[in-house]
Every structure is written in structure tokens, then in C-alpha cells.
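# Architecture at a glance
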Amino acid sequence: MNLLEVQDLKKHYPIRAGLLQREVGRVRAVDGVSFHIAKGETLALVGESGCGKTTVSRCILRALTVTSGAIRFAAKEGEFVDLATLPKRQVRPLRRHIQMIFQDPYASLNPRMLVGDIIAEPLKVNGVPAAERRDRVTELLELVQMPPGARSRFPHAFSGGQRQRVGIARALALNPKLVVADEPVSALDVSVQAQIINLLLDLQDRLGLSMLFVAHDLSVVRHVSDRVAVMYVGRIVEVAPTDALYRAPLHPYTEALLAAVPAPDPARRGHRRIAQGDVADPANPPPGCAFHPRCPYAIDRCRVDRPELTPVSDGRWVSCHRAEELDLAGVR
Ligand code: SF4
């Protein structure tokens, strides 16, 4: 059963110029994105910086007003509300169901508040009595594997990984239906990243978490996601179950992201090609397939005809004119 259904989501920013500030163009930060997240599922949204993935997550949280499209969220079993169009005062009571884990555990925790108060803050805002808040903080600290004494210390007493555990505890305080994790490990050392990923895996098992996991590369999402959606210049170019995507990427951009993932044995990367050049400008994307200036497989058609995201097999979607022809079992 789906918890979230995003359909044809667009977020454009007008570019204005001249004395009258007329609109002369648009930055198409998100340009027609559709995906769903089932109950208990983790979807990773992956792409280089500027691809629009954080904008998508901010639209879901209603931190941004969408240009068009629908964000249907099952606030109650089988009853969807469209977060994209819901008036702000009706969004407020729904916020408890969608919580965020932030990228930077140093900046996202108030340095003047005790850890216990930080974790209890969402409970307080939602009117939970003090005694219940105390018990819940104890429970949450145990859940994220922090000592009970952590509640009476300030964030600066802890390492980056421990602070991120506090951020996770705060995000889980209200038992949200959906957690949006925006690059939750990218500010941490590699060894600490693995610990936080293991914690998230444990929480998935114990709580049946549903999660949108935003990341800029494919190295961190492999173990934590059920499916992966790859974004390039405001659009999704491939969606696939995680194992299938890592085994055989169908889109050349996914192939390039995988080629950039450090492998213990470089020979195992095979002949996957790393993309050359810079990410296209969303204010002025290339015609046809936006990836064509960087794509080693581009043909004439790619320069004029934009490919649509099309189903290719069970649960796999790809937007590439040559997806079938280049199917990776053999050619790449
Ligand atoms: Fe490359 Fe063409 Fe496929 Fe775009 S449509 S990814 S340019 S082969």
C-alpha cells in the first residue's frame, strides 16, 4: 500500500530582468517528477548537486510551494491528502507524520539546548505532558543507542555521529509515518557513516520505517534502500529495485554514478564509463536528452528528442532512447 504518491511535480523559479522585472526565463529545478513510496519502504533519491533532489524533499515537507503537480500522502490508512495544494493551516497538523533528518548534525541541533530538550521539543510542541516526554526521551535514546545520561548534556559534548543519532531520535519522537533523510551521512567520516547506516537499517527492521533517503552518490544508499530513483537536471532518469540497479544500470547516467563509486577491486567496475563535463544548467538545459552532452552513447536523436520515463521490466523505468539496445547484460 502506498504512503506517498508524487505525480508530475514541478518547481520552477522565474528569472527576472529589466526595470519591470519581467520574467525572461525559468530555472526548472524540478521538472515533472513522479514516484511513490510504499508503507515500510525506503526510496533513495540520488543525483549530483543541483539535480533537484533536495527541492523535491522540501516540496514534500511543504517548505516550498510547488509550481504544479500532486503530492498525495496517506495521512490515514487509504485516505490521501494532496500536500501540494492543501492550505497551510491544514498542513500544520500533518507535519507530525512527516519528519526530517538533516544533513549537518553540527548545525541542526541548538547548541544552547540540552539533548533531552532537543529530542523532546516536537513532543512539547504537540502538547505531550512532561512525564510522558521524559519517558519517551529515555525510550528514544535507547532506540538510537545513546546512553541515558546523554539527555542532560549539550550537543557539543558529542561527536558528529552521536549528534546525528540525537537528530534521528528527534525525528522519530512523534512516530512519523514518513522520514525524509536529506544526505544524513554526507557530513560524517566514512567509518561513522557505516554506523549511522547500520542504525537506520536497525530502525527499519524494528519500526518498519518508510523513508525518502536523499543522497548525492550511490555509495551510501545500497544497503539502506529498497528502490533507487536517479535524478538528472530536475527529472528522474531511472527507477529500479536497488539490487537490479547496482547489478545492471540501464541509464548511462546511472552507469556513470556507479563508475564513480569507489570499489575495493577496480576491475569489478568493468568498463562502466564515468561521465565527462559538468552537470547541465537547469535554467538552460540542452535540447533533447539533457544528458546528451555528457553521454558516451548519444546518437543524433538524443540531441533533439527528449526521452520519457518508460517502464522496461518489473519495477524498472528508464528515460533513454537506447536503453534496450544498450541493455547492460552484454553491451556495457
Ligand atoms: Fe545517452 Fe541518448 Fe540515452 Fe540520453 S537518450 S542517456 S543521450 S543514449
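Residues numbered from 1 in each chain as written. Predicted model: local features only at pLDDT ≥ 70, side-chain atom pairs only at ≥ 80, totals over all residues. Heavy atoms only, no water.

Helices and strands together make up the secondary structure of the chain, namely eight helices and 12 strands. On C-alpha atoms alone, the chain measures out to a radius of gyration of 21 Å, which is about the 20 Å that the 2.2 N^0.38 rule sets for 332 residues. C-alpha extents for the chain along the principal axes are approximately 65 × 55 × 40 Å. A separation threshold of at least 6 residues defines the contact pool for the chain, and within that pool the share at least 24 residues apart is 65%. Accessible area for the chain stands at about 16100 Å²; split by element, carbon and sulfur atoms hold 50% of it. Taking the average location of the 44 positive side-chain charges in the chain and that of its 36 negative ones, the two points are 6 Å from each other. (Helix = DSSP H or I, 4+ residues; strand = E, 2+ residues; numbered from the N terminus. Rg over C-alpha atoms; globule rule 2.2 N^0.38 Å. Contact = heavy atoms within 4.5 Å. Areas by Shrake-Rupley, 256 points an atom, 1.4 Å probe, with all protein chains shown as cover. Lys, Arg positive; Asp, Glu negative; His and termini not counted. Charge placed at Lys NZ, Arg CZ, Asp CG, Glu CD.)

This part is about the sheet that holds strand E4 (residues 68-76). An order of E2-E1-E4-E5 is seen for the four strands of this open sheet, with the pairing classed as antiparallel. Both outer strands of the open sheet, strand E2 (22-38) and strand E5 (79-82), are each paired with one neighbouring strand and no more. Neighbour-to-neighbour, the strand axes of this sheet turn through a mean angle of 25 degrees, independent of strand direction. Where strand E1 (residues 2-17) lies against E4, five bridges are found, and the strand directions are antiparallel. Residue pairing in the sheet places Leu 4 in a bridge with Phe 73 of E4. Contacts from helix H1 (residues 53-60) reach E1, E2 and E4 within the one sheet, and its direction differs from that of E1 by about 115 degrees. (Pairing = 2+ DSSP bridges. Axes fitted to C-alpha atoms, helices over the stretch in contact; angles between N-to-C directions.)

Moving on to the environment of Tyr 253. Counting through the fold element by element, Tyr 253 comes out in helix H8 (residues 252-259). By relative accessible area, Tyr 253 is classed as buried at 1%. Between the C-alpha atom of Tyr 253 and that of Ala 275, which follows or precedes it by 22 residues, the distance is 7.1 Å. Not counting residues up to four positions away in its chain, the partners in contact with Tyr 253 are Gly 47, Glu 48, Val 230, Met 231, Tyr 232, Val 237, Phe 291 and Arg 294. (Buried < 20%, exposed > 50% of the residue type's maximum accessible area, 1.4 Å probe, protein only.)

Let us look at the packing of aromatic side chains. Within the structure shown, the criterion is met by three aromatic pairs. Consider the rings of Tyr 232 and Phe 291, whose centres lie 5.1 Å apart with planes at 85 degrees: the pair is edge-to-face. Placement of Tyr 232 in strand E9 (residues 227-232) and of Phe 291 in the loop between H8 and strand E11 (310-313) is noted, with a sequence separation of 59 residues between them. Tyr 232 sits in the buried class, given a relative accessible area of 3%. Ring pairs connect the aromatic residues Tyr 232, Tyr 253 and Phe 291, which therefore count as one cluster. Against the face of Phe 158 rests Arg 153, its NZ or CZ located 5.4 Å from the ring centre. (Phe/Tyr/Trp six-rings, centres within 6.5 Å; stacked < 30°, edge-to-face > 60°. Lys NZ or Arg CZ within 6 Å of the ring centre and 35° of its normal.)

Now for the environment of Val 115. Position of Val 115 relative to the elements: it lies in helix H3 (residues 115-125). Sequence separation of Val 115 and Asp 182 is 67 residues, and the distance between their C-alpha atoms is 21 Å. Each residue touching Val 115, except ones within four places of it in the same chain, is listed here: Leu 141, Ala 150, Arg 151, Arg 153, Phe 154, Pro 155, Phe 158 and Val 166.

Next up on the list: helix H4 (residues 130-143). Taking 1.5 Å as the rise per residue, H4 with 14 residues should run 20 Å; its terminal C-alpha atoms sit 20 Å apart, in good agreement. For H4, every residue scored as buried is listed here: Arg 133, Arg 136, Val 137, Leu 140, Leu 141 and Leu 143. Each buried residue of H4 sits inside an arc of 150 degrees when the element is viewed along its axis, so together they form one side. Gln 145 sits one or two positions beyond H4 and adopts a positive phi of about 60 degrees. (Expected span 1.5 Å × (residues − 1). Arc of directions from axis to C-beta.)

Comment: phi is negative for the bulk of residues other than glycine, and the bulk of peptide bonds are trans. Despite not being glycine, Asp 8 has its phi angle at roughly 50 degrees, a positive value. Checked against the element boundaries, Asp 8 lands in strand E1. Positive phi, normally seen in glycine, also occurs at Val 233, with a value near 45 degrees. With respect to the helices, strands and loops of the structure, Val 233 is situated in the loop between E9 and strand E10 (235-241). A residue is classified by how much of its surface remains accessible, and Val 233, at 7% relative accessible area, is buried.

Take the nonpolar core next. Counting residues in each nonpolar core, the largest one holds 65 residues, and the members touching the most others are Ile 168, Phe 213, Leu 218, Val 221 and Val 228. Sort the elements by how many residues they give to this core and helix H6 (residues 190-207) lands first, with six residues. Not counting chain neighbours up to four residues away, the residues in contact with Val 221 comprise Ala 44, Val 46, Phe 213, Ala 215, Val 228 and Tyr 246. Counting residues in each nonpolar core, the second largest holds 36 residues, with Val 30, Phe 35, Leu 61 and Met 231 among its members. (Core = buried A, V, L, I, M, F, W, Y, C linked by side-chain atoms within 4.5 Å.)

Looking at the ligand, there are 13 residues lining it, with Cys 289, Cys 295, Cys 302, Cys 320 and His 321 nearest. Split into classes, the residues belonging to the shell around the ligand amount to nine nonpolar, three polar and one charged. (Near = heavy atom within 4 Å. Nonpolar A, V, L, I, M, F, W, Y, C, P; charged D, E, K, R; others polar.)

What follows concerns the confidence of the model for the chain. The predicted model of the chain has a mean per-residue pLDDT of 91, with 95% of residues at 70 or higher. Contacts of residues 328-332 to residues separated by more than four positions or lying in other chains number 14 contacts, the stretch itself having pLDDT below 50. (pLDDT = per-residue confidence, 0-100.)

The subject of this paragraph is the pattern of salt bridges. Enumeration according to the criterion identifies 16 salt bridges in this entry. Its salt-bridge partner being Glu 23, residue Arg 26 comes within 2.7 Å of it at the nearest N-O pair. Taking relative accessible area as the criterion, Arg 26 reaches 31% and is therefore assigned partly exposed. The closest approach of N and O atoms between Glu 238 and Arg 316, which form a salt bridge, is 2.8 Å. Here Glu 238, found in strand E10, pairs with Arg 316, found in strand E12 (residues 316-318); they are 78 residues apart in sequence, far enough to count as distant. Across this residue pair, the class does not change: Glu 238 and Arg 316 are buried. In the salt-bridge network here, residues are joined through shared partners; they are Arg 28, Asp 31 and Arg 306. (Salt bridge = Lys/Arg side-chain N within 4 Å of Asp/Glu carboxyl O.)

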